[in-house]
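Overview (structure and organization)
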Amino acid sequence: MLLFLCTLLHFTVDGVCAAVLAGYAVNEPDYSMIVYYFGLYNLIAFGGQCLAGLILDRWKSLILPSLAAVPVLLAGGFLQTAGIFWQSVLVALGNCMFHVSAGILILERYGNFREPGIFVSSGAVGLGLGLYQIVGATFFEAVCILGTAITLFLLLKSPATPEHEPDATPEVHGVDLLPLMAGTVMLLVCVVLRGFGGSSHIPGYVMLMPCVFMLGKSSGGILCDVLGFRRTILAIFLLSFAAIQMPGVVGAITLAFAFNMTMPLTLRLLHWYFPEYPGLTFGLAAGCLLPGAFFGGYLNITPHVMAVLQFLGLFAAGLIFLRYGRGRKSLPQF
């Protein structure tokens, strides 16, 4: 139930944010101002998750109040009298707080790859529906309020307990910290590459790619739980190179699908590297999408290079975890 509710809330939160910004953009004749406010939103919503994650990792008692504040902040985005600056800031703060608070619940409550992938996947569809004004902000906000109320009620009535309990975390010595940091950098580079290559747009089919992103993220985690980590990254690698050989729309869809399959792998492995910091690891993964959002149209990285680097980075990070990973009752199928 927690996974379903958080996935539904992710859909509505991203939908509200996109619908509010799109409502401004269609009436703004100055394109530079549209770019500015969308950039401001992305900077706060994604860049702010590291700081929010650190705070919630330190004070876990703030997770539920943060979740409760999300629909209130999003509602502030409806106040057009406040001006687009404050609308952008409020919805971005709501988005930031939701991702980190719900992300911590998902990472700590579940121990597999599929749950983070399913949780994150719904955001792409909500974003597309709101951005293209297929569904209005009012509907998203109403569902968000209802879903948040049910989630808080269930969590307060019966606090969620982890399905996958880690063993006591041993102390990490300096000699072990260096490879762990190296593996973390590799995983974050994979996320940056996904930000550049895991998103695209096909004119005339506005909801096609958001659905592809959703299917890629959710199926990547499910496949990893079924086949194991090594077989999954090999499958992603082979699918990516097959997509590069395909022409036109089919190739673009397949490549975006393959790149998005890496999302639950990088997020879960980051969390397993530093299980005591789920909020920070979630925030780091989100922040690494910013280069693609800001420079995706200026920096051209060939798909061949991205596919190879993602495969090598995930494989090396998996090996490092096997050697230096800390205190889990059972290792994943590497």
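Look above for the structure.
Residues numbered from 1 in each chain as written. Predicted model: local features only at pLDDT ≥ 70, side-chain atom pairs only at ≥ 80, totals over all residues. Heavy atoms only, no water.

Our next topic: the packing of aromatic side chains. Applying the stated criterion across every chain, the model contains 15 aromatic pairs. Judged by centre distance (5.5 Å) and plane angle (85°), the rings of tyrosine 24 and tyrosine 37 are edge-to-face. With tyrosine 24 in helix 1 (residues 2–25) and tyrosine 37 in helix 2 (residues 31–47), the pair connects residues that are 13 residues apart, well separated along the chain. Each member of the pair, tyrosine 24 as well as tyrosine 37, carries the same accessibility label: buried. Both rings, one in phenylalanine 113 and one in tryptophan 272, keep their centres 5.3 Å apart while their planes meet at 75°; by these two values the pair is edge-to-face. Of the two residues, phenylalanine 113 is situated in the loop between helix 5 (84–109) and helix 6 (114–131) and tryptophan 272 in helix 12 (residues 263–273); the sequence distance between them amounts to 159 residues. By relative accessible area, which is 2% here, phenylalanine 113 ends up buried. The buried category is assigned to tryptophan 272, whose relative accessible area is 4%. Ring pairing ties together the aromatic residues Phe113, Phe229, Trp272, Tyr273, Phe274 and Phe321, which thus form one cluster. Directly above the aromatic system of tyrosine 110 lies the positively charged group of arginine 109, at a separation of 5.3 Å from the ring centroid. (Phe/Tyr/Trp six-rings, centres within 6.5 Å; stacked < 30°, edge-to-face > 60°. Helix = DSSP H or I, 4+ residues; strand = E, 2+ residues; numbered from the N terminus. Buried < 20%, exposed > 50% of the residue type's maximum accessible area, 1.4 Å probe, protein only. Lys NZ or Arg CZ within 6 Å of the ring centre and 35° of its normal.)

Among the surface-exposed residues, Met1, Phe4, Leu146, Ile150, Phe153 and Leu154 lie close enough to one another that they form a single nonpolar patch of about 640 Å² accessible area. Of the residues forming the nonpolar patch, the biggest block, four residues, is contributed by helix 7 (residues 137–157). (Patch = residues over 30% accessible without salt bridge, like charges linked within 9 Å, V, L, I, M, F, W, Y side chains within 5 Å. Areas by Shrake-Rupley, 256 points an atom, 1.4 Å probe, with all protein chains shown as cover. Salt bridge = Lys/Arg side-chain N within 4 Å of Asp/Glu carboxyl O.)

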